[in-house]
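# Fold and geometry: a report
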Amino acid sequence: MSSPTTTMEPPVQLSLPRTPPVPAPGCGVCAALAKQRTAAYGNGDLSGVSDCNVELTAHPKKHLGMR
């Protein structure tokens, strides 16, 4: 019979949080998402903050076709 391992695993290495995405200047959709993100943060809704960050990150790709 083998003996169980009694040592701990090495610690997990975490990176610093990412900088929140910045809304594109002059875009109403980006401005609305930023306002929604601020409200979610004020309400303690960190899931909502994360959702807005994801949408803000993906949205500027739509600006490329408008230029």
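### Overview of the overall build of the protein chain
- Scanning the protein chain from terminus to terminus reveals three helices and zero strands.
- The helix and strand sequence of the protein chain, counted from the amino end, reads α-α-α.
- Counting across all 67 residues of the protein chain, residues that qualify as buried make up 21%.
- Contacts in the protein chain between residues at least 24 apart in sequence constitute 39% of all its contacts with a sequence separation of at least 6.

### Some remarks on the state of the cysteines
- Within the structure shown, the criterion is met by zero disulfides.
- Summary of cysteine pairing: C30 is not part of a disulfide, and the nearest cysteine sulfur, belonging to C27, is at 3.7 Å.

### Focus on the packing of helix α1 (residues 28–42) against helix α2 (residues 46–58)
- At a minimum axis separation of 8 Å, α1 and α2 run at an interaxial angle of 160°. It follows from the interaxial angle that α1 and α2 lie roughly antiparallel. Crossing of α1 against α2: the hand is left-handed. Residue-level inspection shows C30, L33, A34, Q36, R37, A40 and Y41 of α1 in contact with α2, the latter providing L46, G48, V49, C52, N53, E55 and L56.
- By residue class, the composition of the contact of α1 with α2 is nine nonpolar, three polar and two charged.

### With respect to α1
- Taking 1.5 Å per residue, 15 residues should reach 21 Å; α1 reaches 21 Å between its end C-alpha atoms and fits that length.
- Just past α1, the residue G44 takes up positive phi, approximately 75°.

### So, the confidence of the model for the protein chain
- Confidence in the prediction for the protein chain averages 86 pLDDT; 90% of positions are at 70 or higher.
- Within the protein chain, helix α3 (residues 60–63) has the poorest average pLDDT of any element, 69, and α1 the best, 96.

### Things to note about α2
- The end-to-end C-alpha distance of α2, which contains 13 residues, comes to 18 Å, matching closely the 18 Å that a straight helix rising 1.5 Å per residue would cover.
- G48, V49, C52, N53 and L56 are the residues of α2 that are buried. Down the axis of α2, the sector holding all buried residues measures 140°, keeping them to one side.

### A short note on the environment of C52
- With respect to the helices and strands, the residue C52 is situated in helix α2.
- The residues contacting C52, other than those within four sequence positions of it, are L33, Q36 and R37.

Analysis parameters
Residues numbered from 1 in each chain as written. Predicted model: local features only at pLDDT ≥ 70, side-chain atom pairs only at ≥ 80, totals over all residues. Heavy atoms only, no water. Helix = DSSP H or I, 4+ residues; strand = E, 2+ residues; numbered from the N terminus. Buried < 20%, exposed > 50% of the residue type's maximum accessible area, 1.4 Å probe, protein only. Contact = heavy atoms within 4.5 Å. Disulfide = S-S within 2.5 Å. Axes fitted to C-alpha atoms, helices over the stretch in contact; angles between N-to-C directions. Parallel < 35°, antiparallel > 145°, perpendicular 65-115°, else oblique. Left-handed = near helix turned anticlockwise from the far one by under 90°. Nonpolar A, V, L, I, M, F, W, Y, C, P; charged D, E, K, R; others polar. Expected span 1.5 Å × (residues − 1). pLDDT = per-residue confidence, 0-100. Arc of directions from axis to C-beta.

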